[in-house]
Amino acid sequence: MLIRSGGNVPLFDTYHGVYISVKYFIRAKLKRGMLQSSPETSTEFYVEVPTDKKIIKSIKKEESKRGVNFTISPAKIRNITSRLRNRIPNFLFEGNLTFINCNIDEPFKGELVIRHSERKIKSIELQLVRVERTSYAEGEAREATEVQNIQIADGVHHDFYNVG
């Protein structure tokens, strides 16, 4: 079924997030006589806004081929005070993710190398986080929520870990 937005407001894909949702409902009311009740119901329906599929497909194909290298160290940790940063033991982890865009139905692959750690590492966990973003007149709102947390190493003794 073809649905068009009214006025200058564009339609967006249906999205159900933790803090942000885009939902569409259709409501039907059967008006009956004055002495009879008028039954009413509503149901949600999903909208997928059409796009130029050739462009999207080629972008996704190129992005899916690209991997990403990463480095984790105390200096790279954000959102902490410098006083707290100075209390974190020194460490250096390096690694890569095979793909920058990951299909949820396919294995998540990469490598993690422990270059240095001042303290013994008890475990390593991989955390999948969803970041919801929306723009509004005053700026942009962002909210990160944990989707899944997986322990990938316990009682670390080796320097090289293959993820996936």
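Look up a bit, the structure's there.
Rules and cut-offs
- Residues numbered from 1 in each chain as written.
- Predicted model: local features only at pLDDT ≥ 70, side-chain atom pairs only at ≥ 80, totals over all residues.
- Heavy atoms only, no water.
- Phe/Tyr/Trp six-rings, centres within 6.5 Å; stacked < 30°, edge-to-face > 60°.
- Buried < 20%, exposed > 50% of the residue type's maximum accessible area, 1.4 Å probe, protein only.
- Helix = DSSP H or I, 4+ residues; strand = E, 2+ residues; numbered from the N terminus.
- Salt bridge = Lys/Arg side-chain N within 4 Å of Asp/Glu carboxyl O.

Within this structure, the stated rule accounts for 2 aromatic pairs. An angle of 50° between the planes, with centres 5.2 Å apart, marks the rings of F91 and F93 as tilted. Both residues of the pair, F91 and F93, count as buried.

Located in the positive-phi region is N79, a residue other than glycine, with phi close to 65°. Secondary-structure assignment places N79 in the loop between strand 5 (68-72) and helix 2 (82-85).

Here the structure, examined in full by the defined rule, presents 2 salt bridges. Linking R27 and E40 is a salt bridge whose minimum nitrogen-to-oxygen distance equals 3.4 Å. Here E40 lies in strand 4 (residues 40-45) and R27 lies in strand 3 (residues 24-29), a separation of 13 residues in the sequence. Taking the relative accessible area as the measure of exposure, R27 reaches 62% and is therefore exposed. With a closest N to O distance of 2.7 Å, E94 and R115 form a salt bridge.

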